[in-house]
Structure formats: structure tokens, C-alpha cells
Amino acid sequence: MDQMVNIALPKGRLGEQVYDMFREAGYECPDLMEESRKLFFENEEKGVRYFWVKPSDVAVYVGRGAADIGIAGKDILLEHQPDIYELLDLGLGKCRMMVAAPEGFHDNADMTLRVATKFPNIAKRFYAGKSRDIDIIELHGSIELAPLLGLSDVIVDIVETGGTLKANGLVQIEEVLPISARLIANKASFKFKTAAVERLTEALSEIVQKREGKE
Ligand code: PRP
């Protein structure tokens, strides 16, 4: 049986930080950071095979077993609830899911609150927990525009530096949840490649602890 561990890395800056952690943990793959259009790389000696995939698709690859493990944001995991194991919080890609609104916004509890978001399930659960009646307006980007154009009252979106909100005259109202990148595993892979996956998780966990100790 193929004992190589197939790893779905999220393409982009987060993926590069994640790969850096794998490299530090002893799972380097020298040609991976080379400028090229290639999307998969392997280091047979280390038993790893990496794929660059769109960040929001990592959980799909892992959920269906096309990748044994991968790195996905907690936002995606909570929104889509894929049937995977969450093995480790990598402490990378930290940001917050927030409710934001135009400055001066006042919530009128007698009215249905119109919420624009890329994360309808997270937003629905958040407001259900507060028994607040809402109308979800699902968008796929530039969420900050919605309240400015009267399409929604508030937005539920990811805030990292706060720069996008500020540039559009929006302010943070309340936190929905904190977010960070998680190491996830396919359930069958975890069963059949236990030793390899656990060794990798343990090595990454040591790096996370070392880095957190330095913070
Ligand atoms: C995310 C998010 C915000 C922005 C927050 O969007 O939806 O718009 O980043 O970052 P900041 O607090 O540092 O400004 P993304 O860049 O993923 O683009 P999108 O609008 O296409 O989703």
C-alpha cells in the first residue's frame, strides 16, 4: 500500500507559512518553493507528497481522501463541517470572524436584521444562539460594500488587520469567533496511515509549542 502521506497545502501566503513549518519539522521538499506552475511535489525519502490547492478546497480534498491531511481555516471547517478529524491548531493565519456595520449603526430588535456574508451557516448559528431574527444575503466577496449600498444592515466577515473595514467606514460590532489554521486528516487515512500521520502531527506540534513559547 502507498504509505506516502498526501498533503493539501492552501495556495498563497498562509500555505507558504505552513510549508515553512513542515520544513522545520523535517518534511522538506526542496523544489516546492520554486517559481513554477507545478501543483504537486514529492520527497519520497521523507514520505511526503504536497499539492497546492485553493484554500477553500482543502477540506474537499481531505474529506474525500484525495489528500490524507491538509491545512484549512477554522472558518471553512465551521461553515462546511466536513467529515474529517481536526488534529492540531497550527497557530497560523490568526484572524477573527466579526459582525461589522456602518459607523452609528443601531440595531432595532423589532426588525429582521439583514446580514451579508460569505459564511451563511456560521452567521445563522451565531444569530440563532441569540434568538435574533435575520435574513441572510450570501455574497462571495467585497462583502464590505453591502451595507454601504443598503443591501444589508451588517456583515459577518473575516477581519485580520481591520484595514478593509476602516477604508470603507465600517466598525466592528462584536466577535463571532476567533479563527486560525488547523491541520486536518481524512478519517480512513488516519486509520491506515496512523504512524506516519501521528509522527508528522507530533513534529508539527513541537514547532507550534516552540513558537508559542517565543510569543
Ligand atoms: C478578507 C475579508 C476582508 C479582508 C479582511 O477578504 O473578507 O474583506 O480579508 O482583512 P483586513 O482586516 O486585513 O483588511 P479577502 O482578501 O479574502 O477577499 P474577498 O473579499 O474576495 O473575500
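Above: the structure in question.
Remember, predicted model here, so these are calculated numbers, not experimental data. (Residues numbered from 1 in each chain as written. Predicted model: local features only at pLDDT ≥ 70, side-chain atom pairs only at ≥ 80, totals over all residues. Heavy atoms only, no water.)

A. Representation of the nonpolar core in the model. Core analysis: the biggest nonpolar cluster contains 30 residues, and I7, L9, F22, Y50, I69, I71 and L200 have the highest contact counts within it. Of all the secondary-structure elements, those providing two or more residues to this core are β1 (5-10), α1 (13-24), β3 (48-53), β4 (69-73), β11 (181-186) and α8 (194-214). Look past the residues within four positions of L9 in its chain and what remains in contact with it is V18, Y19, L32, Y50, F51, W52, V53, V58 and I71. Counting residues in each nonpolar core, the second largest holds 17 residues, with C95, A101, A123 and I134 among its members. (Core = buried A, V, L, I, M, F, W, Y, C linked by side-chain atoms within 4.5 Å. Buried < 20%, exposed > 50% of the residue type's maximum accessible area, 1.4 Å probe, protein only. Helix = DSSP H or I, 4+ residues; strand = E, 2+ residues; numbered from the N terminus. Contact = heavy atoms within 4.5 Å.)

B. Main features of the packing of α1 against α8. Packing of α1 against α8 leaves a shortest axis separation of 9 Å and a crossing angle of 110°. Viewed along their axes, α1 and α8 adopt a mutual orientation that is roughly perpendicular. Seen from α1, the contacting residues are D20, M21, F22 and E24; seen from α8, they are L200, L204, I207, V208, K210 and R211. The residue makeup of the contact of α1 with α8, split by class, is six nonpolar, no polar and four charged. (Axes fitted to C-alpha atoms, helices over the stretch in contact; angles between N-to-C directions. Parallel < 35°, antiparallel > 145°, perpendicular 65-115°, else oblique. Nonpolar A, V, L, I, M, F, W, Y, C, P; charged D, E, K, R; others polar.)

C. Region of interest: the layout of surface pockets. Roughly 1000 Å³ of internal volume is contained in the largest pocket. In this structure, the largest pocket is lined by 42 residues; those nearest its centre are P55, D75, K118, F119 and I158. Mapped onto the lining of the largest pocket, the elements with two or more residues apiece are α1, β4, α3 (74-80), β9 (154-159) and α6 (163-167). Its residues assigned to classes, the lining of the largest pocket comprises 16 nonpolar, 15 polar and eleven charged. The space that makes up the second largest pocket amounts to roughly 310 Å³. Taken together, 13 residues make up the lining of the second largest pocket; nearest its centre are K11, E34, S36, K38 and W52. Considering only residue class, the lining of the second largest pocket consists of five nonpolar, two polar and six charged. (1 Å grid on protein atoms, 1.4 Å probe; cavity = no way out; pocket = protein on both sides within 12 Å on 5 of 7 lines; lining within 4 Å. Points joined across faces, edges and corners; volume = space filled by probe spheres on them.)

D. Seen up close, the sheet that holds strand β6 (residues 95-102). Taken in spatial order, the five strands of this open sheet run β8-β7-β9-β6-β10, and their pairing is mixed. Looking at strand neighbours, the two that pair on one side only are β8 (134-138) and β10 (170-179), the edges of this open sheet. Between one strand axis and the next, the sheet turns by 30° as a mean value, whatever way the strands run. In this structure, β6 lies alongside β9, joined through five bridges in antiparallel fashion. By the bridge assignment for β9, M98 is matched with D157. (Pairing = 2+ DSSP bridges.)

E. Representation of unusual backbone geometry in the model. In this structure, S131 takes a positive phi of about 55° despite not being glycine. Inspection of the secondary structure puts S131 in the loop between α4 (120-128) and β8. With a relative accessible area of 68%, S131 lands in the exposed category.

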